[in-house]
Amino acid sequence: MDFGLAGRTTLVTGATGGIGQEIARAFAAEGATVALGYRNDRDGAERLARELKDAFPVRYALDETGSAAEAVAVVRERCGGPDVFVANAFGWGRRRARGVRFEEVPESEWGAVVAHNLAPVVRATQLVLPGMRERGWGRIAFVSSHNAFGGQPGQEFYGAVKAGLYGFARSLMWDVGPDGILVNVVAPGLTLTERVRGGLPEEIRERERSRTPTGRLSSPQDVARTLLFLCSAANGNVTGESITVAGGR
Ligand SMILES: NC(=O)c1ccc[n+]([C@@H]2O[C@H](COP(=O)([O-])OP(=O)(O)OC[C@H]3O[C@@H](n4cnc5c(N)ncnc54)[C@H](OP(=O)(O)O)[C@@H]3O)[C@@H](O)[C@H]2O)c1
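Residues numbered from 1 in each chain as written. Predicted model: local features only at pLDDT ≥ 70, side-chain atom pairs only at ≥ 80, totals over all residues. Heavy atoms only, no water.

Trainee: Explain the sheet that holds strand β3 (residues 55–59) to me, please; I cannot follow it from the model alone.
Mentor: Through backbone hydrogen bonds, the strands of a sheet pair up, either in parallel or in antiparallel fashion. On the basis of which strands lie adjacent, the open sheet formed by seven strands has the order β3-β2-β1-β4-β5-β6-β7 and parallel pairing. Each of the sheet's edge strands pairs with one partner strand only, and the pair in question is β3 and β7 (242–245). In this sheet, neighbouring strand axes are inclined to one another by 20° on average, regardless of whether the strands run parallel or antiparallel. Bridge analysis of strand β1 (residues 9–12) against strand β2 (residues 33–38) gives four bridges, and the strand direction is parallel. Its bridge partner lying in β2, Thr10 is registered against Val34. Running over the sheet, helix α7 (residues 156–176) touches β5 (138–143), β6 (181–188) and β7 and is turned about 165° from β6. (Pairing = 2+ DSSP bridges. Helix = DSSP H or I, 4+ residues; strand = E, 2+ residues; numbered from the N terminus. Axes fitted to C-alpha atoms, helices over the stretch in contact; angles between N-to-C directions. Contact = heavy atoms within 4.5 Å.)

Here it is in C-alpha cells:
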C-alpha cells in the first residue's frame, strides 16, 4: 500500500517516549521527514534523528506558552511543513493517591494536568492548519486513551483531557474537511512501552492481558501503524473517528 508520505513532513510530539519513538519510525519508514518533538530528552531525540536520517529534533513543551509556535516555525523553515501533525506528548502529573477522594485533590495538582495537556493541543493545531490549508492537504491525529471512553478509577483528570481531544476532533473536522484535512483520534489501551514494563507490576500487566480478547497487550508499533494509516494518503475519507487499539477491550 502506498501511504503517500514520501516528501511529506510529520511533526510528532513526545517523539522521545515509548509510543512516540515508534510513531516516528513508522513515518520515517514511509519516506516522510520527521520532526521529533521532545521536552527534556534532547539526547534521546538526537539519537533517534541519527537513526532515522531524515529526521530532526525540535523542542516542544506543552507547558510553555510560545513553544508550539517556535516548534512549528522551525519545521516550516526547515521543510515547509508540517503536512502531518501527531499530538502524542503527555505530561503525566501526579496520579490521585489511593484513599484520596476526587474532591480532595487540590487544583494545584490537577490544574496543570488539564491546562497543560488539552489547551496546548488546541493551540498547536491552530498553528499547523494554515500551511495545510494552503497545500490543500493535511492529516492530524490526537493520541487519546481507551480510558477516555471506558473510564478508570483515579483517572478523572486524564480522562477529561483525553475525552476532550475526541470532542475537539469531532467538531474540527467540519472546519477543515473541505480543505483536504482529516482529523482523527487513536485511543491506545495499556501499551507495552519501557515505562509500562518498568513501572507496572507484572501481576497487573497479566491481569490486564487476561481481560483482553486478543490475549495480548498492545505494542507501541500497533499504535504507530494505526496512526500511520489515518495520517496517510491511504486514508481518503476517514475523519472525526476514534480508533481504539486495545485488543478488543
Ligand atoms: N503507554 C500506554 O500504556 C498508553 C495508554 C494509553 C494512552 N497512552 C498515550 O500515548 C501517548 C504516549 O504515551 P507514552 O506511554 O509513550 O509516554 P511516555 O513514554 O511517558 O513519553 C511521554 C512523551 O511525552 C513527552 N512529554 C512529557 N511531558 C511533556 C511536556 N510537558 N511537554 C512536551 N512533551 C512532554 C516526553 O518528552 P521528553 O521525554 O523529551 O521530556 C515523551 O516524549 C500519551 O498521550 C499517552 O496518554 C499511552
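Trainee: It is not clear to me how the nonpolar core should be interpreted in this structure. Could you clarify?
Mentor: A general feature of soluble globular proteins is that nonpolar side chains tend to end up buried together. Counting residues in each nonpolar core, the largest one holds 30 residues, and the members touching the most others are Leu5, Ile23, Phe27, Val34, Leu36, Val86 and Leu227. Looking at this core, the elements that each hand over two or more residues are α1 (18–29), β2, α2 (42–52), β4 (84–87), β5 and α10 (220–230). The leading source of residues in this core is α1, at six residues. In this view, Ile23 contacts Val12, Val86, Asn88, Ala224 and Leu227; residues no more than four positions away in its chain are not counted. (Core = buried A, V, L, I, M, F, W, Y, C linked by side-chain atoms within 4.5 Å. Buried < 20%, exposed > 50% of the residue type's maximum accessible area, 1.4 Å probe, protein only.)

Trainee: In this structure, what is going on with the environment of Phe85? I would like to understand it.
Mentor: Here Phe85 shows up in strand β4. Along the chain, Phe85 and Cys231 lie 146 residues apart, while their C-alpha atoms are 8.2 Å from each other. Contact partners of Phe85, with chain neighbours within four places excluded, come to Leu11, Thr13, Ala124, Thr125, Val128, Met132, Arg139, Ile140 and Ala141.

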